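For reference, the chains in residue letters:
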Amino acid sequence: MHMETYGSIKPIMTKENTAVKVVNATYSYGDGPSQISAFRGINLSVPVGGIYGLLGPSGCGKTTLLKCMVGRMRLRTGRVYIFGHRPGTPKSMVPGPTIGYMPQELALYHDFTIEETLTYFARVYRMKSCVISQRIDFLLRFLDLPDKTKFIGNLSGGQKRRVSLAATMVHSPPLLILDEPTVGVDPVLRQAIWGHLVELTQTQNLTIIITTHYIEEARSANVCALMRFGRILIEASPAELLQRYNFSTLEDVFLKLCELDADNKLNHEILQRTEANNGITHSDVCTFIRYQENGKNEIAIDAGIVGQRDEILSEKLASKEIEERKNMENRMLNNNFQSYFEKSSPFINSVAKCSALVRKNITRLRRNLPVLLFQFLLPSIEVILFCICIGSDPFDIPVAIHNRELIETRSALYSEKYIQAIDNHVVTKHYFGTAHAAMQSVQQGDTWAAMLIGENFTEALQARFLLGNQVEKLTLENCKVHVYLDMTNQLIGHKLRRTFMEAFQNFAKAQLELMGLDPSHAELPVQFEIPIYGDREPTFTEFMAPGIILSISFLAAVALTALAFVMERKDGLLERSLVSGVTSYQFLMSHVLTQMLVLSVQIILLLIFTFLVFEIPCRGGFFWVILLTYLQGVCGMGYGLLISAICVEENAAIMLALGSFYPNLLISGTVWPIEAMPTVMRYISYIFPQTIPIESLRYILSRGWGPDHPEVALGFAVTIGWTLFFLIAAVIVFRYKN
């Protein structure tokens, strides 16, 4: 079954009516020996007001050639002209409103409605507000789209394709570039799409370039270029191709051309036809490149001027460029699409595009309300868990006690009074009848320590109190309490040791006072006075709090932005926005502004729970705490954007974000003092973006210092420095890779 031909538009073949011209274009991937050629020696000419079909199998270089046309890639050699201007120049408006680009992917936001989708692209193109609604209503009727309030994700595959086409046409550009718009759709929808395209060329004088590997559907095109292995085999109208080779289908024509190409006969046939014409034809700018069987010599035969060198063709083309450019500029100025756009300064245009991008980002966040709420609450949940679970002293620690004196005398003596002095909140006491049973409970993991007290403990301790230096060695041995600790958990071991020592000191003071002796004899000769900074009994929570606050704000910001570009790049949305005229700087800036709004809410909740709910002490200016925390969040956001710019797949972005966060957490002094690190590691840790800021925040909270102290000011400087580095690097990488 052949594709039906829609309309009968005669191709306009004169040079003055050329919309797109490609001259001696070459592009290759990679450099050096590993270089892979995408296409070589491409020459083509697209007439104004018609459909140009670029046909060929997948992988022959069609998409790469289109990206060079829209200014997303730069040719290695050759030139591209869009309405007489090179892409990327200000007058060309490419990337920008001169073209409407529809990529292979749907490239639509599934959580947007049809109206929101078209409005977003219209705002990116800087269309006037009064025109946007009119264009949307027209496209809804023209493309037979459903109600504009329907979400993209709820549409059928065919409806999504038509919405994607509508987004391409919303600003009524003079040139549409459609990259395989019919791939994966049923034949009925393919015919409908082609019918719309033919109607556009008839009613609106649009120029359309369409690629497809469904050869036969291009019968409705005005001109077809058959492409194979990065080369244009022929460029002619479908009717001319069918007549020339006497076939009934374009697929048969393409197969015949491939056979001639494989047998080195195609160039010879083209040369003969050109000699017969004896002049310049529509194929003037088509250069057919062949390789000899030995793969060493390359033949380039001009299809339009026999016996003349390429320089002559270049001169002829160059002589037409000035006149053609003027004609094209006049057409562009007279085209209705020019009146659709707001006219303002470049700065205002940039701000407006950023505003459109920010609106898009906020709409996407708002549509994912559960995810947004989780993002808002995640830092607060983390700090709540930290304050509840981390930093407090261990308690209810099971301890095995064997008091032989109590068993022998059956009375409460000094040993029992000492045991009673041990804090019952910290220690859960389990009594055993034998020393062996107490030791065995520790070995079996039932208790964390075994306390053994001898039978003459009270008598020996009294003698030691009264006799002083005259006490015998055996008496000193009998008044000892033997404790066997399980030190596999250092925190619990140290807590038990401290608890037993403090209990004995308090017990000894009380007994000396009852005996009429000076209680100070039970004190250590080292006297700890009131601390200069901090409390006499500090908690580990206060030490970790600065690191946890900054680490949470940093990590939350990384999580927000690490996938910012990855998902849009993967779905083709980033490519579509960039072709629409959005710059990499504007795209990056829009994500920065959006994520700063989310970051503000996160940090407000984080600080409320930290300092108001759990009452972590703050002895310095609270403004500096807020500022440093926010700057660290922005720093994390910059790092996340850099990850997003580097990574192509979301898995890689997630792995890089998590994989780099934990080393930073461990080496930055959050969970353990950097003074405990080896000297080399200590200096390495200072390079990380959080080490010095954490120390600065610790000085603010515990010492009450401000930025007038160099140690605090350095934390702000390091944070700002790393933020600028991440953002600049993200811009450079983003522009280089996109």
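## Quick notes on the overall build of the protein
- For the protein, the count of helices and strands is 26 helices and 15 strands.
- Going through the 738 residues of the protein one by one, you find that 50% of them count as buried.
- Restricting to contacts in the protein with at least 6 residues of sequence separation, those with at least 24 account for 75%.

## Remarks on the pattern of salt bridges
- In total, this model carries 17 salt bridges according to the counting rule given.
- Between Arg 72 and Glu 575 there is a salt bridge, with the nearest N and O atoms lying 3.4 Å from each other. In this pair, Arg 72 is assigned in the loop between α1 (62-69) and β4 (77-82) and Glu 575 in helix α20 (residues 573-579), connecting sequence segments 503 residues apart. The pair formed by Arg 72 and Glu 575 is uniform in burial state, with each residue classed as buried.
- Ionic pairing is found between Arg 367 and Glu 116, a salt bridge with its closest N-O pair at 2.7 Å. Here Arg 367 is found in helix α10 (residues 346-367), whereas its partner Glu 116 is found in helix α2 (residues 114-124), with 251 residues between them in sequence.

## A look at the environment of Val 731
- Take Val 731: it is sitting in helix α26 (residues 710-737).
- What makes Val 731 partly exposed here is its relative accessible area of 21%.
- Each C-alpha atom of the pair Val 731 and Met 589 lies 9.5 Å from the other, and the pair is 142 residues apart in sequence.

## Focus: a nonpolar patch on the surface
- Residues Ile 604, Ile 608, Leu 612 and Val 613 make up a contiguous nonpolar surface patch of roughly 380 Å² in combined accessible area.
- By secondary structure assignment, the location of Leu 612 is in helix α21 (residues 584-613).

## Quick look at the sheet that holds strand β9 (residues 231-236)
- Judged by pairing direction, the sheet is mixed, and its six strands sit side by side in the order β5-β6-β7-β3-β8-β9 without closing on themselves. Either end of the sheet is taken by a strand with one partner, and the two such strands are β5 (99-102) and β9. The average undirected angle you get between the axes of adjacent strands in this sheet is 15°.
- Alignment of β5 against strand β6 (residues 175-179), held across four bridges, turns out to be parallel. Following the sheet pairing, Tyr 101 is matched in β6 by Ile 177.
- Its contacts with the sheet put helix α4 (residues 157-169) on β5 and β6, and the angle it makes with β5 is roughly 160°.

## Considerations on unusual backbone geometry
- The peptide bond linking Val 94 to Pro 95 adopts the cis configuration, its omega dihedral lying at -5°.
- The phi torsion at Arg 126 lies on the positive side, around 65°, for a residue other than glycine.
- Mapped onto the elements, Arg 126 comes out in the loop between α2 and α3 (129-142).
- Residue Ser 172 is not a glycine yet carries a positive backbone phi of 50°.
- Position of Ser 172 among the secondary structure elements: in the loop between α4 and β6.

Procedures and definitions
- Residues numbered from 1 in each chain as written.
- Predicted model: local features only at pLDDT ≥ 70, side-chain atom pairs only at ≥ 80, totals over all residues.
- Heavy atoms only, no water.
- Helix = DSSP H or I, 4+ residues; strand = E, 2+ residues; numbered from the N terminus.
- Buried < 20%, exposed > 50% of the residue type's maximum accessible area, 1.4 Å probe, protein only.
- Contact = heavy atoms within 4.5 Å.
- Salt bridge = Lys/Arg side-chain N within 4 Å of Asp/Glu carboxyl O.
- Patch = residues over 30% accessible without salt bridge, like charges linked within 9 Å, V, L, I, M, F, W, Y side chains within 5 Å.
- Areas by Shrake-Rupley, 256 points an atom, 1.4 Å probe, with all protein chains shown as cover.
- Pairing = 2+ DSSP bridges.
- Axes fitted to C-alpha atoms, helices over the stretch in contact; angles between N-to-C directions.

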